[in-house]
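Chain and residue survey
Chain by chain, the residues run as shown.
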Amino acid sequence: MTRSTRLLLAVAALSLSLVYVLPLWHISLDAPQYPEGLGLYIGVSRIAGEKPQDLNSINNLNHYIGMKVITPEDIPELRYMPWLLAGLIVAGVAAAASGKRALLVAWVALFGIGAAAGLADFYRWGYDYGHNLAPDAIIKIPGMTYQPPLIGAKQLLNFHATSWPAAGGWVAIFSLGLGVFLVFREWRSARLLPVAAVLVGACGPRGPRPIAFNDESCTHCHMTIADPRFGAEVVTRNGKVLAFDDVGCMAAWLRENAAQLSQAWVMDFVDHAWMPADSAIYLRSDALRTPMASGLAALRQGPESDSLRASLGGEILSWAAVRAEPHAHAMPGTAS
């Protein structure tokens, strides 16, 4: 996973902590005799009235139609759901820490299955309360059932019942949606971008492609490409695009594979935009700690390159000089 994906996955997992304090679902009942309405909030570990007396009022009304009393203490899901939620949060944070795509996919799949199972269980409870009525109910209407809607609105006698996610439910929807988005983005980055690059190279004008930073490896040194200030690419004669983490790496590869070169591209050190390698100038300075210690930064000619040279010292080289001259390679570092 890329760094941004790992961060967003951690956000998605940790945001679920809000569900402990925010209700997941809201059911409301509106009728002429209750102008202010009655409501229930269903949370991960509790069921409570929207107003202090609402749960008691709803139970009194349900008594007339033979519906069972809603007693939160008798619902086992309210005891184990907090633990399941804690496991989901921990699993999401662990997946983000590991950086493995498979764990991201597994977390989203587990979350989706859990959400579907929760909705199915909610429907089951609603069905049981609305259909299994006491035979000695005060009010009996043949064929009438009182199951509240799973989601949406429904008329129950003179009550208009609505059922929608509450604040905690929307937090869970956001978290799951973000997870699905991250799976799609990682899949697209891993599968579609390389395919697109090949198609563009084969069917269209050849040129540089986006580098998957923190995910793609340098063709020459095989280190992960992480710093856009030093990125470089070669387009070969057969249209293949090869990425490098350091201008020095690209130059070293070209000294061994010059016959394959069609185009060479470098990223400007200042604005990280692509430019043809032969149109750039190159600052070589001991003050530049480049990914593979070549000390080279590609620049456009102008005031910014003059200012950078004055600040860091060093010498300016042409593309021909960079290609011809071997450059030291050491352990990866970060630019000063």
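My aim in this report is to walk through the structure given alongside it, one point at a time. Since the structure is predicted, the reported quantities are computational estimates derived from the model, not experimental observations.

1. Section: the overall build of the chain
Summing up its helical and strand segments, the chain has eight helices and 12 strands in all. Summarising its shape, the C-alpha atoms of the chain cover approximately 95 × 40 × 35 Å along the three principal directions. Among the 336 residues that make up the chain, the fraction classed as buried is 43%. Excluding contacts between residues fewer than 6 apart, the proportion of contacts in the chain whose partners are at least 24 apart in sequence is 62%. Per element, the accessible surface of the chain, about 17400 Å² overall, is 64% carbon and sulfur. A gap of 6 Å separates the mean positions of the 25 positive and 26 negative side-chain charges of the chain.

2. What to know about the sheet that holds strand β10 (residues 281-284)
To summarise the sheet geometry, strands pair through backbone hydrogen bonds and adopt either a parallel or an antiparallel arrangement. Spatial strand order, β11-β10-β12: three strands in an open sheet with antiparallel pairing. Each having just a single partner strand, β11 (296-299) and β12 (315-317) make up the two edges of the open sheet. Averaged over all neighbouring strand pairs, the angle between strand axes comes to 35°, with direction disregarded. Along the sheet face, helix α7 (residues 303-312) touches β10, β11 and β12 and points at about 15° away from the line of β10.

3. Digging into the nonpolar core
Among the nonpolar cores identified, the biggest contains 28 residues, and Phe244, Met250, Val266, Tyr282, Trp319 and Val322 are the most heavily contacted of them. Where this core is concerned, the elements lending two or more residues are β6 (232-236), β7 (241-244), α6 (247-257), β8 (261-267), β11 and α8 (319-324). Dropping the residues within four chain positions of it, phenylalanine 244 is found in contact with Cys218, Thr219, His220, Ile225, Phe230, Gly231, Ala232, Glu233, Val234, Cys249, Met250 and Trp253.

4. Some details on the packing of aromatic side chains
Overall, the coordinates contain nine aromatic pairs when judged by the stated rule. Pairing tryptophan 125 with tyrosine 129 gives two aromatic rings, centres 5.9 Å apart and planes at 35°, and the pair type is tilted. Remark: tyrosine 129 and tryptophan 125 occur in helix α4 (residues 101-131); sequence separation between them is four residues, near one turn of the helix. Like tryptophan 125, the residue tyrosine 129 is buried in the burial classification. Their ring planes at 40° and their centres at 6.2 Å tell us that phenylalanine 184 and tryptophan 187 sit as a pair that is tilted. Here phenylalanine 184 pairs with tryptophan 187, and both are found in helix α5 (residues 167-203), just three residues apart, close to one helical turn.

5. Focus: the pattern of salt bridges
Here the structure, examined in full by the defined rule, presents 10 salt bridges. A salt bridge links lysine 68 to aspartate 128; the nearest nitrogen and oxygen atoms lie 2.4 Å apart. Here aspartate 128 lies in helix α4 and lysine 68 lies in the loop between α2 (54-65) and α3 (77-98), a separation of 60 residues in the sequence. Where aspartate 121 meets arginine 124, a salt bridge forms, and the shortest distance between an N and an O atom there is 3.0 Å. Residue aspartate 121 and its partner arginine 124 are located together in helix α4, separated by three residues, close to a single helical turn. Overlapping salt bridges, with partners in common, bring together Glu77, Asp121 and Arg124 in one network.

6. A look at the pairing of strand β2 (residues 34-42)
As paired strands, strand β1 (residues 25-31) and β2 are joined by six bridges and run antiparallel to one another. Looking across to β2, one finds that alanine 31 is bridged to tyrosine 34. Hairpin connection between β1 and β2: a loop of two residues separates the two successive antiparallel strands. Both β2 and strand β3 (residues 47-49) contribute to a ladder of three bridges, which runs antiparallel. Paired with leucine 40 across the two strands is glycine 49, which belongs to β3. Between β2 and the antiparallel strand that follows it, β3, lie four residues.

7. Brief notes about the sheet that holds β7
Taken together, four strands build an open sheet; the order of strands is β7-β6-β8-β9 and the sheet is antiparallel. In this open sheet, the two edge strands, each paired with only one partner strand, are β7 and β9 (274-276). Shown here is a sheet whose adjacent strand axes are inclined to one another by a mean of 25°, direction ignored. The sheet contact formed by β6 and β8 spans five bridges and is antiparallel. Residue pairing across strands places threonine 236 opposite leucine 261, the latter belonging to β8.

8. Some thoughts on the packing of α3 against α4
Viewed as axis vectors pointing N to C, α3 and α4 meet at an angle of 165°, and their least axial separation amounts to 9 Å. Between α3 and α4, the angle falls in the class roughly antiparallel. Relative to α4, α3 is oriented so that their crossing is left-handed. Judged by residue contacts, Glu77, Leu88, Ala91, Gly92, Ala95 and Ser98 of α3 engage Leu103, Leu104, Trp107, Leu110, Phe111, Asp121, Arg124 and Trp125 from α4.

9. A look at α4
With 31 residues, α4 should reach 45 Å at 1.5 Å per residue; the first-to-last C-alpha distance of 45 Å fits that figure. Three or more residues of α4 are buried, namely Leu104, Trp107, Val108, Phe111, Asp121, Phe122, Trp125, Gly126, Asp128, Tyr129 and Gly130.

10. Observations regarding the side chain of serine 15
Along the chain, the position of serine 15 falls in helix α1 (residues 3-15). In this structure serine 15 comes out as buried when scored by relative accessible area, which is 13%. Leaving out residues up to four positions away in the same chain, serine 15 has contacts with Val171, Phe174 and Ser175.

Conventions we followed
Residues numbered from 1 in each chain as written. Predicted model: local features only at pLDDT ≥ 70, side-chain atom pairs only at ≥ 80, totals over all residues. Heavy atoms only, no water. Helix = DSSP H or I, 4+ residues; strand = E, 2+ residues; numbered from the N terminus. Buried < 20%, exposed > 50% of the residue type's maximum accessible area, 1.4 Å probe, protein only. Contact = heavy atoms within 4.5 Å. Areas by Shrake-Rupley, 256 points an atom, 1.4 Å probe, with all protein chains shown as cover. Lys, Arg positive; Asp, Glu negative; His and termini not counted. Charge placed at Lys NZ, Arg CZ, Asp CG, Glu CD. Pairing = 2+ DSSP bridges. Axes fitted to C-alpha atoms, helices over the stretch in contact; angles between N-to-C directions. Core = buried A, V, L, I, M, F, W, Y, C linked by side-chain atoms within 4.5 Å. Phe/Tyr/Trp six-rings, centres within 6.5 Å; stacked < 30°, edge-to-face > 60°. Salt bridge = Lys/Arg side-chain N within 4 Å of Asp/Glu carboxyl O. Parallel < 35°, antiparallel > 145°, perpendicular 65-115°, else oblique. Left-handed = near helix turned anticlockwise from the far one by under 90°. Expected span 1.5 Å × (residues − 1).

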